[in-house]
Amino acid sequence: MTATSRLRALALAPILLLAAVAAQAQQHSDADTQADIQRHRAMAAAHEAAAKCLESGKGHDTCEKELQAACKGLAIGKFCGMKHQH
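The following paragraphs examine the structure supplied in this document. Just so it is clear, the structure is predicted and the values come from calculations on it, not from any experiment.

A few points about helix H2 (residues 30–55)
Move 1: The end-to-end C-alpha distance of H2 is 37 Å, a good match for the 38 Å that 26 residues give at a rise of 1.5 Å each.
Move 2: Taken together, the buried positions of H2 are occupied by Met-43, Ala-46, Ala-50 and Cys-53.
Move 3: On its buried face, H2 sits against helix H3 (60–71).

Notes on the state of the cysteines
Move 1: Enumeration according to the criterion identifies one disulfide in this entry.
Move 2: With its sulfur 2.0 Å from that of its partner, Cys-53 forms a disulfide with Cys-63. Negative torsions about the S-S bond denote left-handed disulfides, and the value of about -85° found for Cys-53 with Cys-63 makes this one left-handed. Of the two residues, Cys-53 is situated in helix H2 and Cys-63 in helix H3; the sequence distance between them amounts to 10 residues. Each of the two residues, Cys-53 as well as Cys-63, counts as buried.

The rules behind these values
- Residues numbered from 1 in each chain as written.
- Predicted model: local features only at pLDDT ≥ 70, side-chain atom pairs only at ≥ 80, totals over all residues.
- Heavy atoms only, no water.
- Helix = DSSP H or I, 4+ residues; strand = E, 2+ residues; numbered from the N terminus.
- Expected span 1.5 Å × (residues − 1).
- Buried < 20%, exposed > 50% of the residue type's maximum accessible area, 1.4 Å probe, protein only.
- Contact = heavy atoms within 4.5 Å.
- Disulfide = S-S within 2.5 Å.

Written out as structure tokens, the structure reads:
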């Protein structure tokens with residue numbers, strides 16, 4: 001092995017290590033996956049309820065407060081994991 005190939009191997013080693021750690025971190029257990037599925041379904045239901053709220057004419061502020069209450073503990077931020085233009 002030449003000095004250049006050793007240097008390349010040394011330079012590449014940390015990148016490969018990080019890739020392996022990232023791949024390991026991405027793996028979820030079946031229980032984690034099922035919990036994620038349930039959270040997504042709950043968030044989807046909360047967003048559907050917000051759409052129906054707006055359709056009923058209650059107003060944006062009222063419907064947003066209802067959405068925030070329905071999503072408490074489900075998603076990060078006050079927009080239940082989603083934010084769009086207004």
